[in-house]
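One letter stands for each residue in the lines below.
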Amino acid sequence: MSANKDKLKGSVNSTVGSVKEAAGQATGNQRLEAEGSAQKTKGNVQKLAGSVKDVIKKGKDLLGVKSDKD
């Protein structure tokens, strides 16, 4: 998956997770709150993975390293 796709999916998961977490807190639904927290964490990890991919690509570009996909 590309860095941009990882970042986009991560943003969506993080946002949806935040909404679920807030809804769980507002309604006293601990399961929904926990599910939202987990989804938010998953989104943050996905965004981080996208950022890492960007750094690796930039490093390869600076070093002039070609990948099989180029």
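Our subject is the structure listed above.
Now for a description of the structure that goes with this document. (Residues numbered from 1 in each chain as written. Predicted model: local features only at pLDDT ≥ 70, side-chain atom pairs only at ≥ 80, totals over all residues. Heavy atoms only, no water.)

**As for the overall build of the chain**
Condition: The helix count covers DSSP runs of H or I at least four residues long, the strand count covers runs of E at least two residues long, and both are numbered beginning at the N terminus. The atom set for the radius of gyration is the C-alpha atoms, and the globule formula is 2.2 Å times the number of residues raised to the power 0.38. We get accessible surface area from the Shrake-Rupley algorithm with a probe of 1.4 Å; when it comes to residues, only the shown protein chains can shield them.
Across its full length, the chain carries two helices and zero strands. Over its C-alpha trace the chain gives a radius of gyration of 17 Å, far above what one expects of a compact globule, namely 11 Å for 70 residues. In the structure as shown, the chain presents an accessible area of about 5,200 Å², 59% of it carried by carbon and sulfur atoms.

**Focus on the pattern of salt bridges**
The line we're drawing: Note on definitions: salt bridges are taken to be side-chain nitrogens of Lys or Arg within 4 Å of carboxyl oxygens of Asp or Glu. For every residue, the accessible area (1.4 Å probe, protein chains only) is compared with the maximum for its type, and the residue is labelled buried under 20%, exposed over 50%, or partly exposed between those bounds.
Within the structure shown, the criterion is met by six salt bridges. For lysine 53, the salt bridge identified is with aspartate 6, shortest N-O distance 2.7 Å. Taken together, the residues lysine 53 in helix 2 (residues 30-63) and aspartate 6 in helix 1 (residues 3-27) connect sequence positions 47 residues apart. Judged by relative accessible area, aspartate 6 falls into the buried class, the value being 9%. For the salt bridge of lysine 7 with aspartate 54, the shortest nitrogen-to-oxygen distance reads 2.4 Å. You can see lysine 7 sitting in helix 1 and its partner aspartate 54 sitting in helix 2, a full 47 residues away along the chain. Using a relative accessible area of 27% as the deciding quantity, one classes lysine 7 as partly exposed. Residue class for aspartate 54 comes out partly exposed when judged on its relative accessible area of 22%.

**Here's the deal with the environment of glutamine 39**
Filter applied, for reference: Here, two residues are considered to be in contact whenever any of their heavy atoms come within 4.5 Å of each other.
If you trace the backbone, glutamine 39 turns up in helix 2. On the basis of relative accessible area, glutamine 39 is assigned to the buried category, the value being 17%. Distance in space between the C-alpha atoms of glutamine 39 and glutamate 21 is 9.0 Å, their sequence separation being 18 residues. If we skip the residues at most four places from it in the chain, glutamine 39 touches Asn13, Ser14, Val16, Gly17 and Lys20.

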